[in-house]
Amino acid sequence: MNIDDIPRLLQRVVDNNLIQNEDGSFPAGHNGPHHDDETPVRTTAHTLYMLCWLVDTGLEQYKVKANKAADYLLSHKARPMNASFWCRKNPEKDFSNGLVGQTWVFEALLKASDSLKRDDCYQLVEQVFLMHKWSEQHTAWHTLNVDGSSGVLHGTFNQQLWFAYIGLTLKSKIAKQNSLLFIENVFPTIELYSDGTIFHDSLILGSKLTLKSNLGSNLKRIKHFIKKRKLLKSQRLRSVGYHGFNVTPMIYIKEILPELAFWKTKKYKKIINVMEEQSFINDISSNKFSFPYNPIGFEMAKLFQSLGDNIYAKKLIEMQLNYISISGNKISILETEDVNISLARIYEVCRIDLTRIAK
């Protein structure tokens, strides 16, 4: 498969592999290698984005499926208690799938708002976003439970970063203001491995360790530092697999806030430069958290295209396409642990301007 085949690949996904249900949803997955049974919300959100991209390319026939998918996400089934979207079924975890479960839906509904000219999609994104409790102390967000109650202050960096990016795109002054506070106060504290890979378990506590800080927060940070050495080793492959997912919202934040001081730091340069290191490429190969789950080839390609390097972007796209095979209309994803999620996440190629990639 080559880059020219991508539009047809997306059509095969929505026509022959992820078959839309009568209610507008698409077949659910189980959160890839995490193996948490999910509702159809996530796959429907990803596929909606894909459908909108097809509509934007002039394939008007996909408007019907796209509108049905949007209707599902706006329905009682997706938000049974009129609060967060019900994404995950695992009773030992939150049903909202943290902040990122919501962000995936936000991203798709904002796309639908533009492509399908549906203001109701935008309005729901802003409504649910603002229902999330904001921590002034930590300049970060709490999760929102399906029943409307406030959950924990979410500690995974990439989830907070994605949420902040969404907030910057909204009309709400509060959303923009809080997102900017997160980006100014927490974003620069991101933790890295020595080579520049983002540490997946970077801790979100807002301010640095000081005498004025909350005692409980200080203790959490101290405990985190104590166990970090062990975590760095055990979380290496997960961190590598999620590196592109971390970098993606940075691309959009940089477009919105080009003068942010962080873009000129050594830390940011390390985050970018590591993706060209052979050791990093080796680590993302045969890694269950990368190509088969997080389509890191597409994610990194978007980054390098934003930097003007379409040659390396093409190489990365081709690396991702090597994990996708087609027999007739049947699509297979190499090494995947979750066929439906892996098929739906092909949508991430839609972020790339394929017309600028060297043929």
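In what follows, the structure referred to is the one given above.
Figured I'd write up the structure that's included with this text. None of these values were measured; they are calculated from a predicted model.

### Brief notes about the sheet that holds strand 3 (residues 150-153)
One key point about sheets: their strands pair by backbone hydrogen bonds, in either a parallel or an antiparallel sense.
Next up, step 1: Reading across the sheet, the three strands line up as 1-2-3 and stay open at both edges, with antiparallel pairing between neighbours. This sheet does not close on itself; its edge strands, each paired only once, are strand 1 (134-135) and strand 3.
Next up, step 2: As paired strands, strand 2 (residues 140-144) and strand 3 are joined by two bridges and run antiparallel to one another. Of the residues in strand 3, the one forming a bridge with Leu144 is Ser150.

### Some remarks on the layout of surface pockets
Next up, step 1: The space that makes up the largest pocket amounts to roughly 380 Å³.
Next up, step 2: Elements that contribute at least two residues to the lining of the largest pocket include exactly helix 4 (100-115), helix 6 (157-169) and helix 9 (236-256).
Next up, step 3: Ranked by residues supplied to the lining of the largest pocket, first place goes to helix 9 with three residues.
Next up, step 4: Partitioned by chemical class, the residues of the lining of the largest pocket number five nonpolar, ten polar and eight charged.

### Remarks on the packing of helix 1 (residues 6-17) against helix 2 (residues 41-56)
Next up, step 1: The interhelical angle for the contact between helix 1 and helix 2, taken along N-to-C directions, is 130°, at an axis separation of 10 Å. The orientation of helix 1 with respect to helix 2, classified from their angle, is oblique. Viewed along their axes, helix 1 and helix 2 form a crossing whose handedness is left-handed. Two secondary-structure elements touch here, helix 1 through Pro7, Leu10, Gln11, Val13 and Val14 and helix 2 through Thr47, Met50, Leu51, Trp53 and Leu54.
Next up, step 2: Tallied by class, residues from the contact of helix 1 with helix 2 come to eight nonpolar, two polar and no charged.

### Re the nonpolar core
Next up, step 1: Formed by 113 residues in total, the largest nonpolar core has its most connected members in Leu48, Phe85, Phe182 and Ile317.
Next up, step 2: Element by element, the count of residues in this core is highest for helix 2, at ten residues.

### With respect to the side chain of Asp338
Next up, step 1: You can see Asp338 is positioned in the loop between strand 5 (330-333) and helix 14 (339-344).
Next up, step 2: No salt bridge is formed by the buried Asp338, whose closest oppositely charged neighbour, Arg42, lies at an N-O distance of 6.3 Å.
Next up, step 3: The contacts of Asp338, once residues within four sequence positions are left out, are Gly29, His30, Asn31 and Gly32.

### Points about the pairing of strand 4 (residues 324-327)
Next up, step 1: Bridging between strand 4 and strand 5 involves four bridges; their strand directions are antiparallel. Each bridged residue has a counterpart across the sheet, and for Ser327 the counterpart in strand 5 is Lys330.
Next up, step 2: Hairpin remark: strand 4 followed by strand 5, antiparallel, with two residues in the connecting loop; positive phi at Gly328, about 70°.

### Regarding the packing of helix 6 against helix 9
Next up, step 1: At a minimum axis distance of 9 Å, the contact between helix 6 and helix 9 shows a crossing angle of 25°. Taken as axis vectors, helix 6 and helix 9 run roughly parallel relative to one another. Seen along the crossing, helix 6 lies across helix 9 with a hand that is left-handed. Across the interface between the two elements, Phe157, Asn158, Leu161, Trp162, Tyr165, Leu168 and Thr169 of helix 6 pack against Tyr242, Phe245, Asn246, Thr248, Pro249, Met250, Tyr252, Ile253 and Ile256 of helix 9.
Next up, step 2: Considered class by class, the residues forming the contact of helix 6 with helix 9 number twelve nonpolar, four polar and no charged.

Conventions adopted
Residues numbered from 1 in each chain as written. Predicted model: local features only at pLDDT ≥ 70, side-chain atom pairs only at ≥ 80, totals over all residues. Heavy atoms only, no water. Pairing = 2+ DSSP bridges. Helix = DSSP H or I, 4+ residues; strand = E, 2+ residues; numbered from the N terminus. 1 Å grid on protein atoms, 1.4 Å probe; cavity = no way out; pocket = protein on both sides within 12 Å on 5 of 7 lines; lining within 4 Å. Points joined across faces, edges and corners; volume = space filled by probe spheres on them. Nonpolar A, V, L, I, M, F, W, Y, C, P; charged D, E, K, R; others polar. Axes fitted to C-alpha atoms, helices over the stretch in contact; angles between N-to-C directions. Parallel < 35°, antiparallel > 145°, perpendicular 65-115°, else oblique. Left-handed = near helix turned anticlockwise from the far one by under 90°. Contact = heavy atoms within 4.5 Å. Core = buried A, V, L, I, M, F, W, Y, C linked by side-chain atoms within 4.5 Å. Buried < 20%, exposed > 50% of the residue type's maximum accessible area, 1.4 Å probe, protein only. Lys, Arg positive; Asp, Glu negative; His and termini not counted. Salt bridge = Lys/Arg side-chain N within 4 Å of Asp/Glu carboxyl O.

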